[in-house]
Structures are given as structure tokens and as C-alpha cells.
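# Notes for the structure review
What follows is each chain in one-letter form.
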Amino acid sequence: MKKRTLVLVMAGGVGLVLLQVAIVAGAVYAAHFNGRGLPGTTVAGESISGKTRAQVTADLVQRAAATTITWTSPGAQPQTVTLAELGLTVDVQATVDEAFSRNSTVGGQVSALFVRDRVDAVITSDGKTLQATALQIAVDAGVAGSDARVAVAEDGTTFEVVPAVFGKVVDPATFDDVVHSASADLTARSTTIEFVDGDPLVTDEAAHKGLAEANALMELSVVVSDGDKDHSPDPKTQATWVTFPVTAAGLGAATLDINQVTAWVQKLADDVRTDPVVGKRWVNPKGEVLSEIRKPVDGEEVTNVETVSQTIIDHADAGKDYTGQFEYTTVPAVWQTDEADSLADVLAYLPDPGEKWIDVNLTNHTVTLFEGPNVVMGPYSMVDGARVTPTVTGLFAIYLKYESKTMRGFEADGVTPYVTENVPWAMFFHGGYALHGAYWRSTFGYSASHGCINLPVSTAKQVYQWAPIGTVVAVHR
């Protein structure tokens, strides 16, 4: 009995020691692999055992950038591209999260001692580039067919079907499968492209269905009111709106292109927009208004371009005509204020910097040319309207110019006509009032004309050549 008891005691002691050893070993194991890749775990074919998340992340980024696919196709030089150039992106975060998913539990950590975990790179695709590249390979090899499509006819207002052409496509086993394999383990691949017979994605039957849809869209009425006038697209413009989305399933239903519709609506909105007119005034140092040269006028702009455009699309998709109206908001005008010590310092016109304008001083009988507030020519002596036929005063702008013009009118009695032929360098700024050369005068600096501003011929030519249509003419006393 004593020997048996001794054996049991010894066995229990050994078991206790082994348990302690196991606990210590487990603790050491857990501590070592805490936040590190577990044994037996590979990412894209490479072991990450003992590596930190940061190290695995950096490795993945580097390997993804370095992974290439090289292919050779008939009649073309070998081409090598990266995954990114094929529209493929390694989702590094998702891949690392999956690789470290077993670290979160004790059971997961222990299972790593017995079960290997192979993690492929998580790949996302833009869904277009890979397919487009495969198509281009077939095009470059001269074997590609073409989809049937609906195109605008020569008249620009109707549509026609362009039939499909049967051809060949890249064998997925020699391209797509190779690319996906390289993406999974981030290892460069080489392949020789082969071709197989391919059916067009868009058949003639589908295109004829699209043709009927396009014609139905052309029959829809679109009317946008700006509040005063109604506007509708001409047939050629409306034809450019029609588009046919092509998806993996083939030709989508005909619809209107939002970009084309919005461009048309935006142009209408721009045409009816009114910009605010900046008010101009002089004030003294106390802020008191000395002179108002021009009152401000608020502008107006359309606020619902996007809504109108999208509603046109929605109505078209539902097979309905559209009638809508612009909504407006006010664009507040502002004052441009300049300071002067007194009214004597104020110009007859408050110009923008560098703006050309003409000062006509009826008191001094002079014409002076300004750019902004600076005199660039003059003052020149002139003859303005006589007492019985005075020159109009105010702010005007040159609206017509003639190098030579026959002028007609009536004397002060309003009955006796007069005609003056070949009046040189005439610049009309208000009705029949003009600045012009007066070859019949030898002296200037007084009031005697029928209302026009008479200048020496050489001076009139200078003014004519300097002042474009639209130049402000400020006539004052």
C-alpha cells in the first residue's frame, strides 16, 4: 500500500509539473505571437509567422506594386503591365485583417499549431480596365468583332442600326485566369494569348430594340420656360442626348445623357442670367455721398438647373413629355465707393481701373480721354451745341462709328432741313448726337453746333481710333 501510494504521489507530482510547463509554454507562445502572424499562416503564398501587422502591410504594398503580367499575342510585341494598370487593386487592410483573424481568440491561436491558414490577397477591380484590355488585344491582333449599335444617321435627327460583326475574343484561360492567379499570390506571370470565337455582346436584335427606344425618346416634347419665353431643343440637339448604356448583360435601355441635357439647360440659364450692375458713387471723408454716378441694379440667376435636368431624364425614362420652368434668385448689387475731399474733386464718371472713357465738359468746351482716373489725351477744345440746340447731358456710350457719314437734321426752328456730307470720324453716343470732325470750322472752344460735339479733324481721328464701341461718354457742365 505504501509503495502504491508513493507511486501515485510521484505521478501526481509529475503531472503537476507537466501542467505547469504547459501553462508556461502556452503563455510564452501567446506572448510571442501576440499581435504577430501565427505559425502556418501564409498571405499570398508567403509565411507571415512572427511578423507584425505593420510588417505584413508593408510587404503587401510592395509586392502588389511589383506584381506584373506579361503576355505575348500574335503579331504584337510582348507587353508587361502592373495589376494597377489592369484596374486591379489589392485591398491591403482587408487582406491583413483576414490574415490576423485567428489571433483574436485562444482557440484560434492554438489551432495555428495544427491547421495551416492560406490567405489569398483580397482584390478589387474597377470592372472595366481588364475587359477593355482583353478587347484591345483582340483589336491589335486584327481578329476582334464589334457589337451592334444604334448610331445617329447622317441627317443628325434620326437613328440607324449598325450591325454586329462576328470575330474572336481572348481566351479567358490565357488571360483572365492568369491575371487572377497572379493577383491571388502576388507573383508575376507570363502567358501566350490565344483566341476563341466570340459572340457580340450586343446583338442586332438588341440594337433594333434600342432603335425603337431611341425613336420614342425623339418623339417626346421638352419645354423649359424662362418666365418670358419657352425653349425646346432642336431635333439635332435632342438626338445628341440619347445614349445606350452597355453593361455586362448587353445593351441597356435607351435613356438621355444627364451631362448633355444639363449642358443644354445650363446654356439656357446662362443666357437669361442678368449680372448685377455695380453702383458707383463718391463720398467725402465723413462718408457723406457727394455724387451718385450710377445706381446699383440687382441681378438674377437660375437656381434649379440640376433639378430641371434630372426631371427631364426622369420624364423621358417614364415615356412622358416634360414642361418645366426656371426658378430664380436675386444676385444683390453692391456699391463701388471712392472718396474725395469735395465735389470739385469728383470726376464726371467713376471708372473701373484702366477703363477707357471720354469726358465732355460743356462749361470748358473740352473733350478729355481717360483710362481709369488718368488723363491719356487732351483736354481738346471743341464746339458743343448752341443755346437753342444744346448738347444732351448724362452718361452714354458709343454705339455706332463711321469713318465718314452724311448727317441730316433740322435747324433750331424744327422746319428748315440741313445736310452735311462726308462728316469724318463720327462716333454716335445718343440718338443723333455724335463726336465728329468738323472740317468747316477753323476755331474751337465755344457753343455753336446743332448738338453734336465738333472736333478738329485730326483730333476726331485720334479719338475714333482710341475709343471702341461701348466706350462711356460723360457729358456734363
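See the structure printed just above.
Below is a summary of the structure that appears in this document. Because the structure is a prediction, the values reported are computed rather than measured.

On to the sheet that holds strand β2 (residues 46-47), then. Ordered by their spatial adjacency, 3 strands build an open sheet running β2-β1-β6, and the pairing between neighbours is mixed. Whereas interior strands pair on both sides, the edge strands pair on one side only; in this sheet they are β2 and β6 (117-119). With 2 bridges connecting them, strand β1 (residues 41-43) and β2 associate as antiparallel partners. Considered in β2, the bridge of V43 is made with E46. Each of β1 and β6 is contacted by helix α3 (residues 92-99), which is oriented at about 175° to β6, the strand it contacts most.

Another aspect to go through is the packing of helix α2 (residues 53-66) against α3. Helix packing for two helices is described by the angle between their axes and how far apart those axes are. Running from N to C, α2 and α3 cross one another at 135°; their axes reach a closest spacing of 10 Å. Taken as axis vectors, α2 and α3 run oblique relative to one another. Between α2 and α3 lies a crossing of right-handed hand. Within the contact between the two elements, α2 uses R53, V56, T57, L60 and V61 and α3 uses V92, Q93, T95, V96 and D97. Class assignment for the residues of the contact of α2 with α3 results in 5 nonpolar, 3 polar and 2 charged.

Here we take up helix α10 (residues 305-317). Over its 13 residues, α10 runs 19 Å from end to end, which matches the ideal 18 Å to within 8%, given 1.5 Å per residue. When we look at burial in α10, the residues that qualify are V305, V308, S309, I312, I313 and A316. The buried residues of α10 occupy an angular sector of 135° when projected down its axis, which confines them to one face. For α10, the exposed residues set more than 90 degrees away from the buried face come down to E306 and T307.

Turning our eyes to something else, we now look at the pairing of strand β8 (residues 149-152). Here β8 runs beside strand β9 (residues 159-162); their pairing, made up of 4 bridges, is antiparallel. The residue bridging V152 from the neighbouring strand is F159, located in β9. Between β8 and β9, which pair antiparallel and follow one another directly, the connecting turn spans 6 residues, one of which, G156, has a positive phi of 75°.

This paragraph deals with the side chain of D117. Along the chain, D117 turns up in strand β6. Owing to a relative accessible area of 19%, D117 belongs among the buried residues under this scheme. What D117 contacts, discounting residues up to four positions off in sequence, is G40, T41, T42, E98 and R102.

Moving on, we come to the side chain of H436. Here H436 shows up in strand β32 (residues 433-437). Within the structure, the side chain of H436 is placed 3.4 Å from the side chain of N454, a separation counted as a polar contact. Residues within four places of H436 in sequence aside, it is in contact with M407, V423, P424, W425, A426, C452, I453, N454, L455 and A460.

Counting 34 residues, the largest nonpolar core has F159, V224, V242, L256, V265, I312 and F326 as the members making the most contacts within it. When residues of this core are assigned to their parent elements, the largest contribution, 6 residues, is made by helix α9 (residues 258-272). Counting 30 residues, the second largest nonpolar core, distinct from the first, contains V90, V92, V179 and L186.

A word on the pattern of salt bridges. Opposite charge on two side chains allows them to pair when their charged atoms are near. Here the structure, examined in full by the defined rule, presents 13 salt bridges. Among the ionic pairs, E213 bridges to K209, the shortest N-O distance being 2.8 Å. Here E213 pairs with K209, and both are found in helix α7 (residues 204-219), just 4 residues apart, close to one helical turn. Judged by relative accessible area, which is 54%, K209 ranks as exposed. D271 serves as the salt-bridge partner of K267, at 3.2 Å between the closest nitrogen and oxygen. Of this pair, K267 and D271 both sit in helix α9, 4 residues apart, which is roughly one turn of the helix. The exposure classification of K267 matches that of D271, with both residues exposed.

Our next topic: unusual backbone geometry. The omega angle of the peptide bond from G378 to P379 is 5°, so this bond is cis rather than trans. With a phi angle near 50°, A44 is a residue other than glycine that sits in the positive phi range. Structurally, the position occupied by A44 is in the loop between β1 and β2. Take A44: its relative accessible area is 2%, and that puts it in the buried class. Despite not being glycine, N422 has its phi angle at roughly 55°, a positive value. With respect to the helices and strands, the residue N422 is situated in strand β31 (residues 417-430).

Turning our attention to the packing of aromatic side chains. Across all of its chains, the model carries 8 aromatic pairs by this definition. Centre to centre, the rings of W357 and F370 are 4.4 Å apart; their planes meet at 15°, and the pair counts as stacked. Pair noted here: W357 is in strand β25 (residues 356-361) and F370 is in strand β26 (residues 366-371), with a separation of 13 residues, a long-range link. There is no split in this pair, since W357 and F370 are both buried. Here Y402 and F428 contribute two aromatic rings whose centre-to-centre distance is 6.1 Å and whose plane-to-plane angle is 90°, an arrangement assigned as edge-to-face. Of this pair, Y402 sits in strand β30 (residues 400-410) while F428 is found in strand β31, placing the two residues 26 residues apart along the sequence. Residue class for F428 comes out buried when judged on its relative accessible area of 10%. Site record: aromatic cluster; members linked through ring pairs are Y349, W357 and F370.

Further remarks concern the pairing of strand β35 (residues 472-476). Two faces, one strand: in a regular strand the side chains alternate between the faces of the sheet. In terms of burial, β35 is largely enclosed, as 4 of its 5 residues are buried. As paired strands, β25 and β35 are joined by 5 bridges and run parallel to one another. From the neighbouring strand, N361 faces β35, where its bridge partner is H476. With 4 bridges joining them, strand β29 (residues 394-397) and β35 adopt antiparallel strand pairing. Looking across to β35, one finds that L395 is bridged to A474.

Cut-off values and rules
- Residues numbered from 1 in each chain as written.
- Predicted model: local features only at pLDDT ≥ 70, side-chain atom pairs only at ≥ 80, totals over all residues.
- Heavy atoms only, no water.
- Pairing = 2+ DSSP bridges.
- Helix = DSSP H or I, 4+ residues; strand = E, 2+ residues; numbered from the N terminus.
- Contact = heavy atoms within 4.5 Å.
- Axes fitted to C-alpha atoms, helices over the stretch in contact; angles between N-to-C directions.
- Parallel < 35°, antiparallel > 145°, perpendicular 65-115°, else oblique.
- Left-handed = near helix turned anticlockwise from the far one by under 90°.
- Nonpolar A, V, L, I, M, F, W, Y, C, P; charged D, E, K, R; others polar.
- Expected span 1.5 Å × (residues − 1).
- Buried < 20%, exposed > 50% of the residue type's maximum accessible area, 1.4 Å probe, protein only.
- Arc of directions from axis to C-beta.
- Polar contact = N/O pair within 3.5 Å; in protein donor to acceptor, adjacent residues only side chain to side chain.
- Core = buried A, V, L, I, M, F, W, Y, C linked by side-chain atoms within 4.5 Å.
- Salt bridge = Lys/Arg side-chain N within 4 Å of Asp/Glu carboxyl O.
- Phe/Tyr/Trp six-rings, centres within 6.5 Å; stacked < 30°, edge-to-face > 60°.

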